[in-house]
Amino acid sequence: MAAHDPRVRQGKRFEMRWNGHRSYDVVATHDLLRRAPGELSAAIGARRVLSVTTPTVDALHGRALQRHLRDAGVDADHFVVQLGEAHKTMESVLALCGHAQRAGLGRRDLLLAFGGGVCCDVVGLAASLTRRGLPYICVPTTLLAQVDAAIGLKTGVNFGGRKNYLGSFVPPEAVFVDIGFLRTLPADDLRRGTAEILKIALVRDEELFSLLTERGPELLESHFASPARVADLVIHRSIALMLDELSRNPYEDRGYERLVDFGHTFSPAIEETSLHRVLHGDAVAIDIAVSCMIAIELGLLPEYEWHRILAAYRALGLPLTSVYCTADVLGRGVEAAVAHRGGRLNLVVPTTVGCATFVPDAASIDRGLLERAADRLALEATARPRATVAAT
Ligand SMILES: NC(=O)c1ccc[n+]([C@@H]2O[C@H](COP(=O)([O-])OP(=O)(O)OC[C@H]3O[C@@H](n4cnc5c(N)ncnc54)[C@H](O)[C@@H]3O)[C@@H](O)[C@H]2O)c1
């Protein structure tokens, strides 16, 4: 098909900039691996590359990646390793560093993360440690990583029972987002990815929120294949908003008020307490629901806006609660957030769909409030069996 053919889905290039300088590009593209050489091999250039992926992604897409790099004449080595949330550890990072050493990677060579958010986080951290810093490129293959985990500059692993306790701020050299990988993504992982889109839509973009609510079921059903224009729009808009937010404070050294922390106050405690039976996207969805309950209680969010938000949960099949969403666990989330955010809570809460504010002090959120939030969500969820996760 010719490049001007309307059936050819158009890509888009986003620049991550700060202090007036370009740092890295996020390239939203289609058929990334179809033709060689292409954008990916051009970004690698004459350097050696170690690609890292998981057995699942390797079985589905590994051959296409290897063929693509081979056809483009790239000197590539491939490392396949288990990288679920339970393997998001320093042991995995060290295994990867060991492989990079055995492969003889030099200072100019690079790592390529080819997988979900866990793979991107682990590869980024290994890259930042190896020879005090090798460059890395991300090719995220889950929705969650395409709109969030892979496009920022945070790397990390779980440590001592704490989520992302060890990590670094290291920008990737480039990120290539191909929606086509979502065709093989299991429905539950796809659904979890929509939680991060809902996050950014609720605090920044009412139109994106409406699109997600109205077209979400079709997008999920088709694995973001159709309506193609809507799928592209939702993903491009999410990436643009995320980069815009990140670029205001990329190293989190300009204060601790970050809209992108919406959905990330209670979720780490829920994930940790559940021993990762509640996965990240589901925990974020539950956190958003808890934050909305708190906002209603504090008179910051009108009740009718919550009904619109509930409609989005229904459309996307996102959970409102879990057996781990208790006042105790939520309280632990508050304590950990205060320690992480320089002594203030800075809980992000929506005030309307598309706008948000901060609840700065933990003192505004007493145990009774957390109990009422958890109880009301449990009640809302009884009306909808799929609204509870990990109760099973
Ligand atoms: N660094 C950051 O800024 C940041 C931001 C958000 C989330 N995260 C992290 O991201 C992680 C969650 O990422 P995730 O939801 O992608 O989970 P994940 O990386 O565990 O991937 C989920 C599952 O999908 C499989 N998979 C990946 N691509 C596939 C494909 N195309 N087809 C079929 N199966 C595929 C994987 O093998 C895995 O089983 C969490 O650890 C979270 O903390 C990091």
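Structure: see above.
As a starting point, this report considers the structure included with it. The shown structure was predicted, so the numbers you read here are calculated from the model rather than taken from an experiment.

Cut-off values and rules
- Residues numbered from 1 in each chain as written.
- Predicted model: local features only at pLDDT ≥ 70, side-chain atom pairs only at ≥ 80, totals over all residues.
- Heavy atoms only, no water.
- Axes fitted to C-alpha atoms, helices over the stretch in contact; angles between N-to-C directions.
- Helix = DSSP H or I, 4+ residues; strand = E, 2+ residues; numbered from the N terminus.
- Parallel < 35°, antiparallel > 145°, perpendicular 65-115°, else oblique.
- Left-handed = near helix turned anticlockwise from the far one by under 90°.
- Contact = heavy atoms within 4.5 Å.
- Core = buried A, V, L, I, M, F, W, Y, C linked by side-chain atoms within 4.5 Å.
- Buried < 20%, exposed > 50% of the residue type's maximum accessible area, 1.4 Å probe, protein only.
- Polar contact = N/O pair within 3.5 Å; in protein donor to acceptor, adjacent residues only side chain to side chain.
- Pairing = 2+ DSSP bridges.

**Re the packing of helix α10 (residues 280-297) against helix α13 (residues 367-382)**
- Taken N-terminus to C-terminus, the directions of α10 and α13 make an angle of 120°; their axes are 9 Å apart at the nearest point. Comparing their axes, α13 and α10 come out oblique. The handedness of the crossing between α10 and α13 is right-handed. Of α13, the residues touching α10 (which contributes Ala289, Val290, Met293, Ile294, Ile296 and Glu297) are Leu369, Leu370, Arg372, Ala373, Arg376 and Leu377.

**Structural notes on the packing of helix α6 (residues 187-204) against helix α8 (residues 228-248)**
- Where α6 meets α8, the axes come as close as 10 Å, and the angle between the chain directions of the two elements is 65°. When the axis of α6 is compared with that of α8, the two are roughly perpendicular. Considering how the two elements wind past one another, α6 and α8 form a crossing that is left-handed. When α6 is examined against α8, the residues Ile197, Lys199, Ile200 and Arg204 are found in contact with a partner set consisting of Val234, Ser238, Leu241, Met242, Asp244, Glu245 and Arg248.

**Quick word on the nonpolar core**
- The biggest cluster of nonpolar side chains holds 113 residues, and the ones touching the most others in it are Phe224 and Trp306.
- For this core, the element with the most residues is α10, which contributes 12 residues.
- Once residues within four sequence positions are removed from consideration, Phe224 is found in contact with Arg9, Leu143, Ile179, Leu182, Leu190, Leu219, Ala231, Val234 and Ile235.
- With 18 residues, the next largest nonpolar core counts Leu65, Leu69, Leu110 and Leu112 among its residues.

**Digging into the side chain of Glu85**
- Secondary-structure assignment places Glu85 in the loop between β4 (76-80) and α3 (90-102).
- Taking relative accessible area as the criterion, Glu85 reaches 13% and is therefore assigned buried.
- A polar contact of 2.7 Å, which involves the side chain of Glu85, links it to the side chain of Lys163.
- Among all residues touching Glu85, those that are not within four sequence positions of it are Val118, Asn158, Lys163, His276 and Leu279.

**Some thoughts on the pairing of strand β1 (residues 12-18)**
- Pairing analysis gives 7 bridges linking β1 to strand β2 (residues 21-29), with the strands arranged antiparallel. Directly across from Phe14, in β2, lies its bridge partner Val26.
- The hairpin formed by β1 and β2 contains 2 residues between the paired strands, and Asn19 there has a positive phi angle of roughly 50°.

**Describing unusual backbone geometry**
- Omega for the peptide link from Ala36 to Pro37 comes to -5°, which places this bond in the cis form.
- Inspection of the secondary structure puts Pro37 in the loop between β2 and α1 (39-44).
- Residue Pro227 is bonded to the preceding Ser226 through a cis peptide linkage, with omega at -5°.
- Residue placement: Pro227 occurs in the loop between α7 (206-221) and α8.
- We note that His223 has phi near 55°; this positive angle belongs to a residue other than glycine.
- Looking at the element boundaries, His223 is found in the loop between α7 and α8.
- Unlike most non-glycine residues, Glu252 shows phi in positive territory, near 55°.
- Residue position: Glu252 is located in the loop between α8 and α9 (267-273).

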